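The lines below spell out each chain.
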Amino acid sequence: MSNYHIKNFPEYFHEYRKSVRNPELFWEEIAEEHFLWRKKWDNVLNWDFTKPEVKWFEGAQLNITENCIDRHLYTNGNKNAIIFEPNNPEEPTEYITYNQLSERVNQFANVLKSKGIKKGDRVCIYLPMIPELAISLLACARIGAIHSVVFAGFSAQALATRIQDSDCKMVITSDGSYRGAKTIDLKGIVDDALESCPTIESCLVAKRINSNISMKEGRDFWLQPLLDEASKDCEPEIMDSEDPLFILYTSGSTGKPKGMVHTTGGYMVYTAFTFKNVFQYREGDVYWCTADIGWITGHSYIVYGPLANGATTLMFEGVPSYPDFGRFWEVVEKHKVNQFYTAPTAIRALAKEGVEHLEKYDLSSIKVLGTVGEPINEEAWHWYDDNVGKKKAPIVDTWWQTETGGIMITPIPFSTPTKPTYATLPFLGIQPALMDENGKEIKGNQVDGRLCIKFPWPSMARTIWGNHQRYKETYFSAFENKYFTGDGALRDEVGYYRITGRVDDVIIVSGHNLGTAPIEDAINEHPAVAESAIVGFPHDIKGNALYGYVTLKDTGESRDQDNLRKEINQMITEQIGPIAKLDKIQFTSGLPKTRSGKIMRRILRKIASRDTSNLGDTSTLLNPEVVQDIMDNVL
Ligand code: WT7
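Everything quoted here is computed from the prediction, not taken from an experiment.

A. Looking closely at the overall build of the protein. Regarding its fold elements, the protein presents 19 helices and 30 strands. A compact globule built from 635 residues should have a C-alpha radius of gyration of about 26 Å, and the protein, at 24 Å, falls within 12% of that. By the burial criterion, 61% of the 635 residues in the protein qualify as buried. Of the roughly 24,400 Å² of accessible surface on the protein, a fraction of 46% belongs to carbon and sulfur atoms. One way to put it: in the protein the 69 positive side-chain charges average out to a point 2 Å from where the 84 negative ones average out.

B. A look at the site of the ligand. Near the ligand lie 17 residues; those nearest to it are D397, T398, Q401, T402 and D487. D397 places a polar side-chain atom, nitrogen or oxygen, 2.7 Å from a nitrogen atom of the ligand. Between an oxygen atom of the ligand and a side-chain N or O atom of Q401, the distance comes to 2.8 Å. Its free accessible area being 560 Å², the ligand has 90% of it covered by the protein chains. Across the shell around the ligand, the residue classes tally to six nonpolar, five polar and six charged.

C. Representation of unusual backbone geometry in the model. K51 connects to P52 through a cis peptide bond whose omega is -15°. By secondary structure assignment, the location of P52 is in the loop between β1 (43–48) and β2 (53–58). Note that the residue after Y322, namely P323, is joined by a cis bond; omega there is -5°. With respect to the secondary-structure elements, P323 resides in the loop between β17 (312–316) and α11 (327–335). Even without a glycine there, the phi angle at F414 is positive, about 70°. Position of F414 relative to the elements: it lies in the loop between β20 (395–397) and β21 (432–435). Located in the positive-phi region is R610, a residue other than glycine, with phi close to 55°. Tracing the backbone shows R610 in the loop between α18 (601–608) and α19 (625–632).

D. Representation of the sheet that holds β21 within the structure. Read across the sheet, four strands follow the order β21-β22-β24-β25 without closing on themselves; strand pairing throughout is antiparallel. The sheet is open, and its two edges are formed by β21 and β25 (497–502), each paired on a single side. Sheet twist, expressed as the average angle between the axes of neighbouring strands with direction ignored, equals 45°.

E. Structural view of the nonpolar core. Grouped together as the largest cluster of nonpolar side chains are 119 residues, with contacts concentrated most on W37, F57, L101, L112 and Y304. Sorting elements by how many residues they give to this core places helix α5 (residues 131–143) first, with nine residues. With near-sequence residues (within four places) excluded, F57 lies in contact with W27, A31, W37, W41, N43, V44, S241, G265, G266 and V269. Counting 25 residues, the second-largest nonpolar core is a separate cluster that includes F340, L358, W381 and Y384.

F. Examining the environment of G486 more closely. Within the secondary structure layout, G486 lies in strand β24 (residues 483–491). Accessibility expressed as a relative area gives 9% for G486, which makes it buried. Those residues within four positions of G486 in sequence are excluded, and the remaining contacts are L451, R502 and V503.

G. Representation of the sheet that holds strand β4 (residues 80–85). Across the sheet, which stays open at both edges, the seven strands sit in the order β5-β4-β17-β16-β18-β19-β20 with mixed pairing between neighbours. Two strands in the sheet have a free side with no partner beyond their single neighbour: β5 (94–97) and β20. If you compare each strand with its neighbour and ignore which way they point, the axes differ by 20° on average.

H. Inspection of the pattern of salt bridges at higher detail. Within the structure shown, the criterion is met by 34 salt bridges. E132 is paired through a salt bridge with R104; the nearest N and O atoms lie 3.8 Å apart. Here E132 is found in helix α5, whereas its partner R104 is found in helix α4 (residues 98–114), with 28 residues between them in sequence. Exposure remark for R104: the relative accessible area of 25% places this residue in the partly exposed category. The shortest N-O distance in the salt bridge between D121 and K169 comes to 3.1 Å. Separated by 48 residues along the polypeptide, D121 in the loop between α4 and β6 (122–125) and K169 in the loop between α6 (156–165) and β8 (170–174) bring together distant segments of the chain. Residues participating in the shared-partner salt-bridge network are E85, R327, E330 and K334.

I. Structural detail: α11. Counting buried positions over the nine residues of α11 gives seven, a clear majority of the element. When α11 is considered as a whole, its buried residues turn out to be R327, F328, W329, E330, V331, V332 and H335. A positive phi of about 45° marks K336, the residue just after α11.

Scoring rules and cut-offs
- Residues numbered from 1 in each chain as written.
- Predicted model: local features only at pLDDT ≥ 70, side-chain atom pairs only at ≥ 80, totals over all residues.
- Heavy atoms only, no water.
- Helix = DSSP H or I, 4+ residues; strand = E, 2+ residues; numbered from the N terminus.
- Rg over C-alpha atoms; globule rule 2.2 N^0.38 Å.
- Buried < 20%, exposed > 50% of the residue type's maximum accessible area, 1.4 Å probe, protein only.
- Areas by Shrake-Rupley, 256 points an atom, 1.4 Å probe, with all protein chains shown as cover.
- Lys, Arg positive; Asp, Glu negative; His and termini not counted.
- Charge placed at Lys NZ, Arg CZ, Asp CG, Glu CD.
- Near = heavy atom within 4 Å.
- Polar contact = N/O pair within 3.5 Å; in protein donor to acceptor, adjacent residues only side chain to side chain.
- Nonpolar A, V, L, I, M, F, W, Y, C, P; charged D, E, K, R; others polar.
- Pairing = 2+ DSSP bridges.
- Axes fitted to C-alpha atoms, helices over the stretch in contact; angles between N-to-C directions.
- Core = buried A, V, L, I, M, F, W, Y, C linked by side-chain atoms within 4.5 Å.
- Contact = heavy atoms within 4.5 Å.
- Salt bridge = Lys/Arg side-chain N within 4 Å of Asp/Glu carboxyl O.

Written as structure tokens, this is what we have:
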């Protein structure tokens with residue numbers, strides 16, 4: 001008997017031990033008891049990290065949509081599967097039951113088929129956060145087409161690169177999208193992209209903003225009339241466990257984006273099992289992840305993980321600042337959200353606006369809070385804990401990656417005691433290792449090193465689309481027989497992990513290894529500071545010195561900058577040591593960020609080094625305008 005739902009700390013340890021002593025048996029029991037397979041596997045796991053090759057549940061057959069939809073219909077057909085909360089709070093919420101989801105996915109799948117999409121074909125999805133987005137993923141999965149979602153904030157050029165890389169046959173988009181008070185001409189962007197995408201045969205267009213767009217005869221089709229005509233029945237395509245389910249692009253430190261390939265059986269088992277435990281989802285709960293489905297967080301923890309558990313998942317079209325900074329909390333109150341999962345960058349942005357936006361709303365439904373995407377600084381952690389969770393809702397700081405498919409290091413709420421800025425302990429079946437520069441594993445506690453994973457887990461990406469060699473080089477070559485995450489981490493005295501940031505962000509100052517995250521943490525604790533980023537720049541004596549970009553809270557009053565610089569360095573000295581003091585501190589109006597909220601340190605590094613002739617790819621920046629401002633005021 002497997003224990004699908006961990007409820008206390010001893011249970012976690014007991015199950016964790018089982019999961020590493022005999023991983024095959026552990027995962028076999030979970031897979032067998034909690035999912036619907038058309039045929040059982042011949043082999044639970046086959047792996048060889050030197051090739052690298054990983055196969056889970058080989059020989060098994062299934063369709064993931066039968067697990068996410070059909071099997072809930074008998075018992076839970078009238079339960080809400082998706083709650084759609086539109087950008088504009090005046091627009092009505094849309095409730096989609098499992099019965100309705102089933103019909104809509106099947107109709108959509110039939111439309112795909114009628115346009116010639118078959119098993120194995122790639123379909124690019126470029127949609128805003130509207131129900132059609134979730135439905136289109138599931139429709140692809142229903143017929144075995146491989147979806148490749150491109151976040152609908154990417155430019156035409158970025159979209160074209162991704163369509164070309166995986167030779168997509170179709171793109172699904174909308175006439176436009178809402179983002180706060182703005183509208184965006186998505187179809188225009190697609191039209192531009194498609195000028196250089198000869199493999200695209202058809203383009204389906206959902207109506208969202210009722211704009212006047214041009215439709216190319218024979219290529220572009222309005223979605224709704226096709227759906228209206230389509231049958232509500234569609235037999236699921238029977239897939240092998242290792243058939244690709246989707247491609248999702250992630251940017252590397254160099255080169256073009258990497259199309260990470262995720263497969264079916266293992267991905268389903270791992271995302272479902274982690275969802276249940278990491279969020280402690282109980283029947284009747286309403287779960288809300290604020291990410292966009294254009295990122296892995298949305299794939300795994302808005303769509304597949306929740307639906308595989310028959311959960312109610314909330315999809316939010318808007319932004320945290322529209323119509324005002326209370327919007328998140330208004331939605332939480334309205335739908336009595338029980339689990340709330342967001343990113344540190346959102347938490348900091350909200351914290352900057354003050355607590356009066358929260359105080360208007362009843363947040364007492366919240367049981368679990370989550371964070372993901374970057375290290376959370378201590379100040380943001382406490383703000384979240386104090387003001388959103390009212391110190392009663394455990395915070396799960398979940399560390400994982402596009403490549404890992406699911407959450408890897410995380411507390412289990414109500415079981416694992418949390419510790420600010422620590423992702424704490426590996427999830428069941430995950431075997432982390434910290435490595436030193438010479439490729440040796442660092443054992444014991446109170447150590448830090450490069451974070452690797454020693455043993456396969458079911459939802460790991462299997463390859464990079466069209467470039468297995470790059471997959472091998474990027475993830476399996478730095479350390480022998482291990483998956484290298486690219487992150488640094490430390491393990492404290494009790495074995496808890498703290499992710500210290502990408503190892504490419506590590507700065508060696510006078511021979512000392514300094515992580516950017518702890519320094520930024522120290523700075524961010526200064527009451528005047530909203531956000532900060534540290535980079536290295538060349539220094540004659542020390543090798544590297546530290547350059548800090550600091551955004552201050554907007555209080556309307558002017559400040560003595562030299563005095564602030566002293567105070568910041570004093571805080572760093574107190575928390576880390578004089579070695580971590582900054583040589584230069586530039587006050588900025590903002591920090592350049594990717595659309596997923598990560599600070600683009602690469603750009604900041606170049607500016608600090610006065611090497612701005614080629615800033616590299618800035619196509620993924622959310623706020624390109626701050627770059628010029630920072631360059632103009634460089635110290
Ligand atoms: C990188 C992966 C996985 C969903 C979103 C990001 C950083 C992610 C945490 C965390 C510290 C984190 C890592 C990782 N990261 N979560 N809880 N604490 N760092 O996916 O875009 O593939 O980025 O995000 O550096 O390697 P991604």
